[in-house]
Amino acid sequence: MNKKKKWIITAIILAVFCAALGIYNYYSGQGSAAEDEVVRTPPSRSKTTLNVNGVVIRPQALTDGITTVGNLLPDEEVDLSFETSGKIVAINFQEGAAVRKGELLAKVNDRPLQAQLKRYEAQLKLAEDRVYRQSALLERDAVSQEAYEQARTELATLNADIDIVRSNIALTELRAPFDGIIGLRNVSEGAYASPSVVVAKLTKISPLKIDFFVPERYASQIHPGTSLSFTIEGRQERFEATVYATESQVDVTTRTLAVRARYPNARGRLLPGRFASVEIRMHEIPDAIAVPTEAIVPEMGVDKVFLYRGGKAHAVDVTTGLRTESQIQIINGLSVGDTLITSGTLQLREGLPVQLDRID
């Protein structure tokens, strides 16, 4: 009886195992068939359509220019100092005030020189009378020519000494070499001045100079008379200036050309030393056909663009002209109203189905 039960249990286990194996094989076959169906199913048409962006060609103003940085410089600037040494006895200017050319700004002690000048001037009348008397005597042959010439030489020497003293007196005076604004003074009355001591700085701020550099490819296009505009930090307005000089050669290290322009600064609104953002307009086309630079596809020495026509991309050869940082002028190949594809250009090919996601 026990053996019979064991056989029955074994038979039941084998039956269950066989049933489970059959079910597993059935569903495994269904999965393989489904996968084969997926593999055999051809890709849908939507998978081959490329989504792109486009732009409708319209005439627009195209400007080619140079944007660079520059510095505002004074028209003239000098550190004022005496040409001689001595004690400062007078300071005649107010710090930060406007002064005129030739105005006396400061003076050092010149009393010894003034006394020497008075002595020479006192001798001058006597020397002139001696020459007059010698001349009269020479006409009557009462004196030799040598005596007359000696009197004339003494008079000339005295006049020369007077000129020297007056020149030395002038060295004790500090005068403005040009119209300008005088800065902060560095000395006081009673201080000992020498040629190495800077009394103050004199600056001419009207007009102002703008120094900047342009790349060498523009060197032949920049010349005296070229107009430019510039802005400075903290002010919204744009200022107009004119180039008046350029360096004689391109810098071999930076490959740039030094340029200098002039801004009138009539009311002294701007101060030298400030940083300026300079812009020069080289060419301006009011009704150009221009495309973004990323839309151009160079191929075998020929520039191409892709147009959207009837849901497909069509390649067109174009002739380019003026180039800016973001746009290129198209001279031939495009017409107003064409829809230009501006994205995915590296994936495009002739006749490829495309879908426009955005049109500008």
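In the block above lies the structure referred to throughout.
Residues numbered from 1 in each chain as written. Predicted model: local features only at pLDDT ≥ 70, side-chain atom pairs only at ≥ 80, totals over all residues. Heavy atoms only, no water.

**Points about the sheet that holds strand S6 (residues 173–175)**
Each strand in a sheet pairs with its neighbour through backbone hydrogen bonds, running either in the same direction (parallel) or in the opposite one (antiparallel). Spatial ordering of the open sheet is given by S6-S5-S3-S8, a layout of 4 strands whose pairing is antiparallel. Each of the sheet's edge strands pairs with one partner strand only, and the pair in question is S6 and strand S8 (192–193). Sheet topology note: the strand S3 (residues 86–91)/S8 ladder contains 2 bridges and is antiparallel. Residue pairing in the sheet places Gly86 in a bridge with Ala193 of S8. (Pairing = 2+ DSSP bridges. Helix = DSSP H or I, 4+ residues; strand = E, 2+ residues; numbered from the N terminus.)

**Overview of the pairing of strand S18 (residues 327–332)**
Bridge count for strand S14 (residues 290–292) against S18 is 3 bridges, and the pairing is antiparallel. Among the inter-strand pairings, Pro292 is bridged to a residue of S18, identified as Gln327. Sheet topology note: the strand S17 (residues 312–323)/S18 ladder contains 3 bridges and is antiparallel. The partner of Arg323 across the bridge, within S18, is Ile328. Taking the residues that link successive antiparallel strands as the turn, the S17-S18 hairpin has 3 residues.

**Thoughts on unusual backbone geometry**
Cis peptide bonds are those with omega within 30 degrees of zero, and the linkage from Ser206 to Pro207 qualifies with 5 degrees. Here Pro207 is to be found in strand S9 (residues 200–215). Phi angles above zero are rare outside glycine, and Arg255 is one such case at about 55 degrees. Turning to its location among the elements, Arg255 is positioned in the loop between strand S11 (239–246) and strand S12 (256–263). Of note, Met300 is a non-glycine position whose phi angle comes to about 55 degrees, a positive value. Note that Met300 resides in the loop between strand S15 (297–299) and strand S16 (302–309).

**Focus on the pattern of salt bridges**
Counted under the stated rule, the structure contains 15 salt bridges. One connected set of salt bridges, linked through shared partners, spans Lys107, Asp110, Glu173 and Arg175. (Salt bridge = Lys/Arg side-chain N within 4 Å of Asp/Glu carboxyl O.)

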